Amino acid sequence: MISGKRYWLMKSEPDLFSFQDLKRRKHTRWDGVRNYMARNYMMHDMKVGDLVLFYHSNSNPSGVAGIARVSALAAPDESAFDSTSPYFDERSTPQNPRWFCVEVKYEDDLPSFVSLNEIKKQPQLKNMILLHNSRLSVQPVTATEFKLIRELARQNRVTSGALR
DNA sequence: GCCAACGTTGGC
DNA sequence: GCCAACGTTGGC
């Protein structure tokens, strides 16, 4: 168990499911995660109310697109039971589920997109897991990191406004 | 589309 | 339980 961490970053490929999709749909099960570390964070550490940076991966540009919030605790990932799903895993059964996922809901727009490039430029963000384990799709962020990214999004908007 | 990084699988 | 082979993620 991790104590005191209440902020997360979750990756999604926007071609498959974007922040705008979440905003339209209001909430979604974070299904399809097939990595044990990411699963364990969802199963054991994520609590209802935790805030989430919704990150667009495999994208041009990649970066943080908006804010979400955990809206339900982890439950068995139904997509693993569905033989027609790309996330099907025959080793996971309703009697003995292997994969779990939380539900997240749309929380807030960011004043602007915060690209991976901008994150890399911030000395205060150099310890983010994002920059050191690019493979982990669900990861904790500190309160400081979360707030700084929100601040960057605000600054971006001010800057681009001033240039107009 | 390439490929580095790294998680997973399975033979031994 | 090691580790080589393989598959996947994700930045560029």
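Residues numbered from 1 in each chain as written. Chains lettered and ligands numbered in written order. Predicted model: local features only at pLDDT ≥ 70, side-chain atom pairs only at ≥ 80, totals over all residues. Heavy atoms only, no water.

**Quick word on the pairing of strand 4 (residues 63–76)**
To keep things clear, this is the line we draw: The criterion for strand pairing is that DSSP finds at least two bridges linking the strands in question. Only runs of H or I of at least four residues qualify as helices and only runs of E of at least two qualify as strands under DSSP, and these elements are numbered from the N terminus.
One ladder, built from 6 bridges, connects strand 3 (residues 51–56) with strand 4; its direction is antiparallel. Bridging across to strand 4, L51 finds its partner in R69. Counting the residues in the hairpin turn of strand 3 and strand 4 gives 6 residues, including N58, whose phi is positive at 55°. Across 10 bridges, strand 4 lies against strand 5 (residues 100–115) in antiparallel orientation. In the sheet register, V64 faces strand 5, and the bridge partner there is V114.

**Details of the pairing of strand 1 (residues 7–12)**
Counted only if it meets this: Relative accessibility decides the category of a residue: with a 1.4 Å probe and only protein chains considered, values under 20% of the type maximum give buried, values over 50% give exposed, and everything between is partly exposed.
Counted residue by residue, strand 1 has 6 buried out of 6 residues, so it is predominantly covered. Side-chain alternation along strand 1 places Y7, L9 and K11 on one buried face and W8, M10 and S12 on a second face that is also buried. Note that strand 1 and strand 3 share 6 bridges and pair parallel. If you follow L9 over to strand 3, its bridge partner there is L53. Judged from the 3 bridges that link them, strand 1 and strand 6 (residues 138–140) form a sheet pairing that is antiparallel. If you follow W8 over to strand 6, its bridge partner there is P140.

**Considerations on the side chain of S12**
Convention followed: We call two N or O atoms a polar contact when they sit within 3.5 Å, provided that within protein one can donate a hydrogen and the other can accept it, with sequence-adjacent residues counted only if both atoms are side-chain atoms.
Along the chain, S12 turns up in strand 1. Among the residues examined, S12 registers a relative accessible area of 10% and is labelled buried. At 2.6 Å, the side chain of S12 and the backbone oxygen of F17 are in polar contact.

**A closer look at the packing of aromatic side chains**
Describing an aromatic ring pair means giving the distance of the ring centres and the angle of the ring planes. Applied cut-off: Each aromatic pair joins two rings of Phe, Tyr and Trp (for Trp, the six-membered one) with centres within 6.5 Å, and gets the label stacked for planes under 30 degrees apart, edge-to-face for over 60, and tilted for any other angle.
This structure, assessed with the given rule, holds 7 aromatic pairs. With a centroid separation of 5.4 Å and 65° between ring planes, the pair formed by F19 and F54 is classed as edge-to-face. On the criterion of sequence distance, the pair formed by F19 in helix 1 (residues 19–25) and F54 in strand 3 is long-range, its members being 35 residues apart. An identical accessibility class is assigned to F19 and F54; each is buried. Considering the side-chain rings of F19 and Y106, the 5.6 Å spacing of their centres and the 45° angle between planes classify their relative orientation as tilted. Taken together, the positions of F19 in helix 1 and Y106 in strand 5 put the pair 87 residues apart, joining distant regions of the chain. On the basis of relative accessible area, F19 is assigned to the buried category, the value being 2%. Under the relative-accessibility criterion, Y106 is labelled partly exposed at 22%.

**Notes on the layout of surface pockets**
Selection criterion: Here a cavity denotes a set of grid points, spaced 1 Å apart and computed over the protein atoms alone, in which a 1.4 Å probe fits but from which it cannot get out, and a pocket denotes an open set meeting protein on both sides within 12 Å along at least five of seven lines; residues with an atom within 4 Å of a point are reported as lining. Grid points are joined across faces, edges and corners, and a volume is the space filled by probe spheres set on the points. Following the grouping adopted for this structure description, the nonpolar residues are Ala, Val, Leu, Ile, Met, Phe, Trp, Tyr, Cys and Pro, the charged ones are Asp, Glu, Lys and Arg, and the polar ones are all others, Gly among them.
Empty space within the largest pocket amounts to approximately 530 Å³. Along its surface, the largest pocket is lined by 17 residues, and K11, S12, E13, D31 and Y87 are the ones closest to its centre. At the level of secondary structure, the elements contributing two or more residues to the lining of the largest pocket comprise strand 1 and strand 2 (27–29). For the lining of the largest pocket, the per-class residue count stands at 5 nonpolar, 6 polar and 6 charged.

**What about the protein's contact with DNA strand B?**
Note the cut-off: For this description, a residue counts as near a given molecule or strand if any of its non-hydrogen atoms is within 4 Å of it.
In the neighbourhood of DNA strand B, the contacting residues comprise N35, Y36, R91, H132, N133 and R135. Among atoms of DNA strand B positioned within 4 Å of the protein, sugar and phosphate together represent 74%. Within the side chain of N133, an N or O atom sits 3.5 Å from a phosphate oxygen of DNA strand B. Each residue belonging to the surface near DNA strand B can be placed in one class, and the counts come to 1 nonpolar, 3 polar and 2 charged.

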